[in-house]
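Here are the chains, one letter per residue:
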Amino acid sequence: MSETQYDLIIIGGGPAGLTAGMYASRARLNTVLVEKVATGGQILITDWIENYPGFPEGISGPDLSDKMLEQAKQFDLHFEYGEVEKMALEGDVKSVMVGDKTLTAKAVIVASGASPRTLHVGEERFHGKGVSYCATCDGPFFRDKTVVAVGGGDTAVQESLYLTKFAKKVYLVHRRDQLRATKILQERALENENIEMVWDSVVTGMDGLFGVENVSVKNVKTGEEKKIAADGCFIWIGILPNTEFVDESLEMDEWNFIKTDANMATNIPGVFAAGDVRSTPLRQIATAVGDSAIAATMAEHYIQGH
Ligand SMILES: Cc1cc2nc3c(=O)[nH]c(=O)nc-3n(C[C@H](O)[C@H](O)[C@H](O)COP(=O)(O)OP(=O)(O)OC[C@H]3O[C@@H](n4cnc5c(N)ncnc54)[C@H](O)[C@@H]3O)c2cc1C
C-alpha cells in the first residue's frame with residue numbers, strides 16, 4: 001500500500017471537479033483529481049449545450065469536456081484514475097482510498113456528480129439492447145426507427161429533440177399533462193412533427209425477444225394501458241447522487257445529496273462538496289463550475305489556516 005500526501009484531493013472529474021482542479025492548482029495547491037471513468041462526467045453523454053455562457057453558437061458536450069480538461073492541465077494538476085471506495089474524513093489529515101492506494105490531504109472536495117435514475121420496470125434486461133440513457137451515444141443506432149423517450153424536464157426534451165435527427169418517430173412519455181422543461185425547449189418539442197406526446201402516462205414495462213420491441217405505458221388518470229411498438233427506450237427521469245462511498249459522518253439530505261453551506265463547506269471541517277452531488281436547487285454545468293470555484297477558494301483558505 002502506498003501513501004501520498006497532497007494539499008487537496010478532488011473526487012470526480014466532471015465540470016465541477018475539473019474547475020476545482022483548475023482553481024486549486026492555479027493557486028499552487030498540490031492537488032490531485034481522482035476520476036473513475038473518464039474526465040468530463042455527464043457532459044460526455046450530452047449532445048449539444050446551448051446554455052453555457054461563452055459559446056453563443058452552442059458546443060458539444062465532449063468538446064466542452066476537452067476544453068475544460070486542457071485548461072485544468074495547464075497548472076500542474078495531478079490525476080489519479082480509479083474509483084474512490086472509502087474515505088476517512090475526521091481530523092486534520094483526510095484519507096481517500098482508491099484501489100490499493102491511500103491518498104492523504106489536508107482538504108477534500110467531493111465532486112462525484114450524479115447518475116441517471118432508472119425506471120425499475122425490468123429495463124436492465126435490455127441494457128445495450130434498446131434501453132439507453134444517452135442519446136449522443138446511442139441515437140445513431142435508431143436511424144429511421146421508432147423510440148420511446150421518458151421524462152419531462154430539460155434533459156428529456158433536449159435529448160428527444162436530438163433523437164429526431166435519427167429516429168423517424170419519438171413518443172415522449174410524461175407522467176403529467178405538461179412539460180417541466182424550459183419554455184423554449186417545450187415549444188420546440190411541441191412543434192416537432194416527429195415527436196408525439198404521451199401525456200399523463202408512465203412506463204410500466206417493456207418486452208421483446210432479442211431487444212426492445214414494445215414499451216408498455218399506463219395512463220395515470222384513466223388507468224388505461226397500451227403497448228407502443230418501439231425499437232428503443234431512452235430514460236431521462238432524473239438523477240441519483242454518486243455518494244455510495246461517502247463517509248456516514250458527512251451530512252446528506254433525504255435523497256443522499258451532500259449538504260453544504262454557501263461556502264460549499266460540509267459539516268466536517270476541510271471537506272467541501274460541489275456540483276450535482278450537492279444538495280442544491282439547480283444541477284447544471286454553470287452551477288457546477290460556480291460551486292467549484294467557491295469550493296476550491298474556500299479549501300485554499302482552510303489549508304492556509306492549518
Ligand atoms: C443527457 C444530459 C444532458 C445535459 N444537458 C445539459 C445542458 O444542456 N446544460 C447544462 O448546463 N447541463 C446539462 N446537463 C447536466 C450537467 O451535465 C451536469 O449538471 C454536470 O455535468 C454536473 O457536473 P459535476 O461535475 O457535478 O458531475 P458529473 O458530470 O456527474 O461528474 C462527476 C464525475 O465524478 C466521477 N465519479 C463518481 N463517483 C466517483 C468515485 N467514487 N471515484 C472517482 N470518480 C467518481 C464520475 O465518473 C464523473 O466523471 C445534462 C446532463 C445529462 C445527463
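Refer to the structure printed above.
The structure reproduced in this document is the subject of the present report. Predicted, not measured: the structure shown is a model, and the values here were computed from it.

The next point concerns the pairing of strand E11 (residues 146–150). E11 sits mainly inside the fold: 5 of its 5 residues count as buried. Taking every second residue as pointing to the same face, both faces of E11 are buried, with Thr146, Val148 and Val150 on one and Val147 and Ala149 on the other. Sheet analysis places E11 next to strand E12 (residues 169–173), joined by 5 bridges and oriented parallel. By the bridge assignment, Thr146 is partnered in E12 with Lys169. Between the parallel pair E11 and E12, the chain is carried across by helix H4 (residues 154–163), and the sense of this crossover is right-handed. Where E11 and strand E17 (residues 232–235) come together, 4 bridges link them in parallel fashion. Residue pairing in the sheet places Val148 in a bridge with Cys233 of E17.

Below, the discussion takes up the site of the ligand. In the vicinity of the ligand, 33 residues are found, and the nearest of them are Ala16, Glu35, Gln42, Asn51 and Asp276. At a separation of 2.6 Å, an oxygen atom of the ligand approaches a polar side-chain atom of Glu35. Within the backbone of Lys36, a nitrogen or oxygen atom sits 3.2 Å from a nitrogen atom of the ligand. Broken down by secondary-structure element, the contributors of at least two residues to the shell around the ligand are helix H1 (15–26), strand E2 (31–35), H4 and helix H6 (285–304). Its residues assigned to classes, the shell around the ligand comprises 13 nonpolar, 14 polar and 6 charged.

Let's shift gears to the state of the cysteines. Following the criterion strictly, the structure yields 1 disulfide and no others. In this structure Cys233 is a free cysteine whose sulfur lies 14 Å from that of Cys134, the closest cysteine sulfur available. In this structure Cys233 comes out as buried when scored by relative accessible area, which is 0%.

Moving on, we come to the packing of H4 against helix H5 (residues 183–191). Taken N-terminus to C-terminus, the directions of H4 and H5 make an angle of 40°; their axes are 10 Å apart at the nearest point. Overall, the two elements H4 and H5 adopt an arrangement that is oblique. Viewed along their axes, H4 and H5 form a crossing whose handedness is left-handed. Of the residues in H5, those in contact with Asp154, Val157, Gln158 and Leu161 of H4 are Leu185, Gln186, Arg188 and Ala189. For the contact of H4 with H5, a count of residues per class yields 4 nonpolar, 2 polar and 2 charged.

The next thing to look at is the side chain of Asn219. Structurally, the position occupied by Asn219 is in strand E15 (residues 214–219). Here the side chain of Asn219 touches Thr222 through a polar contact of 2.9 Å, landing on its backbone nitrogen. In contact with Asn219, other than residues within four places in its own chain, are Trp199, Asp200, Ser201 and Glu224.

For the rest of this paragraph, the subject is the sheet that holds strand E14 (residues 201–207). The strands that make up a sheet are held in pairs by hydrogen bonds between backbone atoms, and each pair lies either parallel or antiparallel. Pairing is antiparallel across the open sheet formed by 3 strands, whose spatial order is E14-E15-E16. What marks the edges here is a single partner per strand, and that holds for E14 and strand E16 (225–229). Strand after strand, the sheet turns through a mean of 30° between neighbouring axes, direction not considered. Taken together, the 6 bridges between E14 and E15 define a ladder with antiparallel strand orientation. The partner of Asp207 across the bridge, within E15, is Asn214.

This part takes up the environment of Tyr6. If you trace the backbone, Tyr6 turns up in strand E1 (residues 2–11). Spatially, the C-alpha atoms of Tyr6 and Thr31 are 6.0 Å apart, while their sequence positions differ by 25 residues. For Tyr6, the contacting residues outside a window of four places in its chain are Asn30, Thr31, Val32, His78, Leu103, Thr104, Ala105 and Lys106.

Conventions and cut-offs
- Residue numbers restart at each chain and count upward from 1, following the sequence in its written direction.
- Residue-level local features of this predicted model are given only where pLDDT is at least 70; pairs of side-chain atoms are given and counted only at 80 or more, and the full residue set underlies all totals for whole chains, interfaces and linings.
- As a convention, hydrogens and water are excluded, and side-chain values are obtained from all of the structure's heavy atoms.
- The buried label applies to any residue whose accessible area, calculated with a 1.4 Å probe on protein chains only, is under 20% of its type's maximum; exposed applies above 50%, and partly exposed to all values in between.
- Strands here are runs of E lasting at least two residues and helices are runs of H or I lasting at least four, both read from the DSSP assignment and numbered beginning at the N terminus.
- Here the rule is simple: two strands pair whenever DSSP picks up at least two bridges between them.
- Throughout, right-handed denotes a crossover for which the path from the first strand over the helix to the second runs clockwise when the strands point away from the viewer.
- The cutoff for a nearby residue is simple: one of its non-hydrogen atoms must lie within 4 Å of the molecule or strand.
- Any pair of N or O atoms that falls within 3.5 Å is considered a polar contact. Within protein, one atom must be able to donate a hydrogen and the other to accept it, and sequence-neighbouring residues count only if both atoms are side-chain atoms.
- Under this grouping Gly is polar, as are all residues other than the nonpolar Ala, Val, Leu, Ile, Met, Phe, Trp, Tyr, Cys and Pro and the charged Asp, Glu, Lys and Arg.
- We call a pair of cysteine sulfur atoms a disulfide whenever their separation is within 2.5 Å.
- The convention used is that axes are lines fitted to C-alpha atoms, helices contributing only their stretch in contact, and that angles between N-to-C directions extend from 0 to 180 degrees.
- Orientation is classified from the angle alone, with under 35 degrees giving roughly parallel, over 145 giving roughly antiparallel, 65 to 115 giving roughly perpendicular, and any other angle giving oblique.
- For any helix crossing, the convention is left-handed if the near helix is rotated counterclockwise from the far helix by under a right angle, and right-handed if that rotation is clockwise.
- By definition, residues are in contact when any of their heavy atoms lie within 4.5 Å.

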